[in-house]
Amino acid sequence: MAEREIIKEYSTGDLTVVWKPRKCIHSAICVATLPKVYDPDKKPWIEPENASVDELKSQIKKCPSGALTYIMKGETKNSEEGNNNTRVEVMANGPLLVHGSLEVKDTSGKTEGKSGVTALCRCGASDNKPYCDGAHKKINFVG
């Protein structure tokens, strides 16, 4: 039986921050960018009221795994702002980030649609292949 995905939502005014812990690769870009919002030592660890909507949106768009997304009041999901292009970014000593929509087919033939930002493993050490789980930090991957 498939494990149910945990999704946490943190709302403030017109914006809700959505966090999917299983997707998180612990890059800590969120903590470095907005430490007044993201504090892993606090409960709740996300306090979106400590930043403006524009600051939150800007930071969330930098999340390399797509674990953080947002919903604007009255919308159902993040919009890619009309951009249908798919872009691949190589992170120094880290994963490949695929921005946009793609379909991933696993070794058993099962396909999964992805959109937003998807982090794909480059180091080979991920326990969640083909996705990055942050293992590159543990093995000191250089690439």
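Conventions we followed
Residues numbered from 1 in each chain as written. Predicted model: local features only at pLDDT ≥ 70, side-chain atom pairs only at ≥ 80, totals over all residues. Heavy atoms only, no water. Helix = DSSP H or I, 4+ residues; strand = E, 2+ residues; numbered from the N terminus. Contact = heavy atoms within 4.5 Å. Phe/Tyr/Trp six-rings, centres within 6.5 Å; stacked < 30°, edge-to-face > 60°. Buried < 20%, exposed > 50% of the residue type's maximum accessible area, 1.4 Å probe, protein only. Lys NZ or Arg CZ within 6 Å of the ring centre and 35° of its normal.

A. Focus on the environment of Leu96. Here Leu96 shows up in strand S5 (residues 96-99). Apart from residues lying up to four places away in sequence, Leu96 is in contact with Val88, Glu89, Val90, Thr118, Ala119, Leu120 and Arg122.

B. Spatial organisation of the packing of aromatic side chains. Throughout the structure, instances matching the rule amount to two aromatic pairs. Ring geometry for Trp19 and Trp45: centres 5.0 Å apart, planes at 70°, overall edge-to-face. On the criterion of sequence distance, the pair formed by Trp19 in strand S2 (residues 15-19) and Trp45 in the loop between helix H1 (29-33) and helix H2 (53-60) is long-range, its members being 26 residues apart. Trp19 gets classed as buried once you look at its relative accessible area, which sits at 15%. For Trp45, a relative accessible area of 15% puts it in the buried group. Centre to centre, the rings of Tyr38 and Trp45 are 5.6 Å apart; their planes meet at 50°, and the pair counts as tilted. For the pair Tyr38 and Trp45, a shared accessibility class is recorded, and that class is buried. Within the aromatic cluster, the residues linked to one another by ring pairs are Trp19, Tyr38 and Trp45. Here the guanidinium or amino end of Lys114 rests over the ring plane of Tyr131, the centre of that ring lying 4.6 Å away.

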